[in-house]
Amino acid sequence: MHSWDVPLFMGLGSLTLAWMVFREPGLDMRQKINWIAGYVFSLIVLVFLFYSPFSYWFKTQYNSIELWKGAKTPLGDYLIVFGLSLFVMFSYLLHTILPDVKRAYQRWFSPQARKRFWPYAMAGLIVLLMIFLWGLHVQVLAFGLPLLLIWVYVILFKKDQTERQRLTWLLFLMGYTITFFAEVFVLKGDVGRSNMVFRTYLEAWFLLGFATSLALVELFDIIVNWRFPARIGWILVLQVLTLFALSYPLTATSRKLQDRWPGVADPPKTLDGALFMLGDSVYNPTMPGAVYVDEGDNLDLRTDYYAIRYMQEHVSGSPVIVEGNTS
């Protein structure tokens, strides 16, 4: 859909090819590595080849990134945005690592093992890093630091995981890591960091949608063995969070219209993406159109609408339209 999709789907495509080759019987590890390298290299070449017309002709001012020094995402807002997937992820995570946590406690933190120093040092270091990040107002990174360590452990070191379970955790890791990345870096020249958050979160939601779906498949089999109150409670929380997520387009659309076009009483409700410029005049020609306020000047977008329609009806081909930017 847009250029930010290229690295995501190229990565997913490479992962898929590698997984298929790795599962192929009759090949030793050297042959698998050679085949994976060949397939992935071919995919990357094809991606850049087919994308080259767009990248050749399209130019943008957003061509580098820099450290973000402005306000970071409050943890409460982050939990609202990703609450549904986080609930499913934490439910699945507790089921996955609870036996390991019990064994680790008996081995390292029980009264018999208190003479061991390094487990306490590691736990203390993680807590100190979380406090340090919180002090820098990077609350999302403080929240995500222990999760990153747990995901890496589950993916690389937990031996009783199936391939599908490892893939699920890998997708969770990739999705949430993208959101952590947006807390630290921003597109150079961005308006605040609106484009950075908007574009990266689209990619994160795609990955987290897959991961959440895979985790739910596992969880629906797991909760059958839970006690009745716990099972019903978990299902109710999941339903409420799902309803909240589904309600967003219904509640946010009207708020967005009021924020962007406060002077329009009855905006057009249509799939025609240009009619918004006519504002209330689409139903009553005597009413004003949509007005955009730019540094104290009121711009009546009806004039833009009529200019666009004129060019569509009278100008042939695809000539260049020069856009002038002010402050």
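Scroll up for the structure.
Since the structure is predicted, the reported quantities are computational estimates derived from the model, not experimental observations.

When helices and strands are counted, the protein chain shows 10 helices and 4 strands. For the protein chain, the succession of helices and strands along the chain, N to C, is α-α-β-α-α-α-α-α-β-α-α-β-β-α. For the protein chain, the C-alpha radius of gyration of 26 Å lies well beyond 20 Å, the compact-globule estimate for 327 residues. For the protein chain, the spread of C-alpha atoms along the principal axes amounts to about 85 × 50 × 40 Å.

With that settled, the discussion passes to helix H9 (residues 228-260). For H9, which comprises 33 residues, the first-to-last C-alpha distance of 48 Å matches the rise-based estimate of 48 Å (1.5 Å per residue) to within 8%. At Ser247, H9 shows its strongest bend, of approximately 40 degrees, with the proline Pro249 following within four residues. Along H9, the residues classified as buried are Trp234, Leu238 and Ala252.

Attention shifts here to the packing of aromatic side chains. Per the stated rule, a full pass over the model turns up 23 aromatic pairs. Ring plane angle 45 degrees and centroid distance 5.6 Å describe the contact between Trp169 and Phe172, whose orientation is recorded as tilted. In this pair, Trp169 and Phe172 both sit in helix H7 (residues 163-184), 3 residues apart, roughly one turn of the helix. Members of the aromatic cluster, each reached through a chain of ring pairs, are Tyr78, Phe82, Phe90, Tyr92, Phe143, Trp151, Trp169, Phe172, Tyr176, Phe180, Tyr201 and Trp205. In this arrangement the basic side chain of Lys32 is found over the ring face of Phe22, its NZ or CZ atom lying 4.8 Å from the centre.

The next point concerns the nonpolar core. Most often, soluble globular proteins keep nonpolar side chains buried together rather than apart. Counting residues in hydrophobic clusters, the biggest one holds 40 residues, and the most contacted among them are Tyr78, Met89, Trp151, Trp169, Phe172 and Tyr176. If you list the elements that add at least two residues to this core, you get helix H1 (5-22), helix H3 (75-81), helix H4 (83-109), helix H6 (139-156), H7, helix H8 (194-222) and H9. At 9 residues, the largest contribution of residues to this core is made by H6. Among all residues touching Trp151, those that are not within four sequence positions of it are Met89, Trp169, Phe172, Leu173, Tyr176 and Phe180. In terms of nonpolar packing, the next biggest core, distinct from the first, is built from 8 residues, Trp261, Val264, Met277 and Leu278 among them.

As a further point, take the packing of H7 against H8. Where H7 contacts H8, the axes come no closer than 8 Å and their chain directions differ by 155 degrees. Viewed along their axes, H7 and H8 adopt a mutual orientation that is roughly antiparallel. For the crossing formed where H7 meets H8, the hand is left-handed. Here the contact of H7 with H8 is composed, by residue class, of 17 nonpolar, 6 polar and 4 charged.

This part takes up the pairing of strand S4 (residues 297-300). Here 4 bridges tie strand S3 (residues 291-294) to S4, and the two strands are oriented antiparallel to one another. The residue bridging Val291 from the neighbouring strand is Asp300, located in S4. Joining the antiparallel neighbours S3 and S4 is a turn of 2 residues, in which Glu295 adopts a positive phi near 50 degrees.

Pairing between side chains becomes possible if they bear opposite charge and their charged atoms approach one another. Evaluated as defined, the whole model comprises 9 salt bridges. Its salt-bridge partner being Asp160, residue Lys158 comes within 3.2 Å of it at the nearest N-O pair. The class for Lys158 is buried, based on a relative accessible area of 4%. For the salt bridge of Glu218 with Arg164, the shortest nitrogen-to-oxygen distance reads 3.0 Å. Taken together, the residues span a long stretch of sequence, with Glu218 in helix H8 and Arg164 in helix H7 at a distance of 54 residues. For Glu218, a relative accessible area of 13% translates into the label buried. Counted as one network, the salt bridges with shared partners bring together Asp100, Arg103, Lys158 and Asp160.

The subject of this paragraph is the environment of Tyr92. By the secondary structure assignment, Tyr92 is in helix H4. Note: C-alpha distance between Tyr92 and Val293 (201 residues apart in sequence) is 49 Å. Among residues more than four places away in sequence, those in contact with Tyr92 are Gln165, Thr168, Trp169, Ala215, Glu218, Leu219 and Ile222.

A separate point is H7. Between the first and last C-alpha of H7 there are 32 Å, a value that for 22 residues agrees with the 32 Å anticipated at 1.5 Å per step. Those residues of H7 that sit buried are Gln165, Thr168, Trp169, Leu171, Phe172, Leu173, Gly175, Tyr176, Thr179, Phe180, Ala182 and Glu183.

Interaxial distance between H1 and H8 falls to 10 Å at its minimum, and their mutual angle equals 25 degrees. Judged by the inter-axis angle, H1 sits roughly parallel to H8. At the point where H1 passes H8, the crossing takes the right-handed sense. Within the contact between the two elements, H1 uses Asp5, Leu8, Phe9 and Leu12 and H8 uses Glu203, Phe206 and Leu207. When grouped by side-chain class, the residues that make up the contact of H1 with H8 number 5 nonpolar, no polar and 2 charged.

Turning to a nonpolar patch on the surface, a few remarks are in order. The grouping of Ile308, Tyr310, Met311, Val315 and Ile321 at the surface amounts to a nonpolar patch, some 470 Å² of accessible area in total. Along the polypeptide, Tyr310 turns up in helix H10 (residues 302-314).

Cut-off values and rules
- Residues numbered from 1 in each chain as written.
- Predicted model: local features only at pLDDT ≥ 70, side-chain atom pairs only at ≥ 80, totals over all residues.
- Heavy atoms only, no water.
- Helix = DSSP H or I, 4+ residues; strand = E, 2+ residues; numbered from the N terminus.
- Rg over C-alpha atoms; globule rule 2.2 N^0.38 Å.
- Expected span 1.5 Å × (residues − 1).
- Bend = angle between axes of the 7 residues up to and from the residue.
- Buried < 20%, exposed > 50% of the residue type's maximum accessible area, 1.4 Å probe, protein only.
- Phe/Tyr/Trp six-rings, centres within 6.5 Å; stacked < 30°, edge-to-face > 60°.
- Lys NZ or Arg CZ within 6 Å of the ring centre and 35° of its normal.
- Core = buried A, V, L, I, M, F, W, Y, C linked by side-chain atoms within 4.5 Å.
- Contact = heavy atoms within 4.5 Å.
- Axes fitted to C-alpha atoms, helices over the stretch in contact; angles between N-to-C directions.
- Parallel < 35°, antiparallel > 145°, perpendicular 65-115°, else oblique.
- Left-handed = near helix turned anticlockwise from the far one by under 90°.
- Nonpolar A, V, L, I, M, F, W, Y, C, P; charged D, E, K, R; others polar.
- Pairing = 2+ DSSP bridges.
- Salt bridge = Lys/Arg side-chain N within 4 Å of Asp/Glu carboxyl O.
- Patch = residues over 30% accessible without salt bridge, like charges linked within 9 Å, V, L, I, M, F, W, Y side chains within 5 Å.
- Areas by Shrake-Rupley, 256 points an atom, 1.4 Å probe, with all protein chains shown as cover.

Don't take any of this as a statement about function, it's just geometry.
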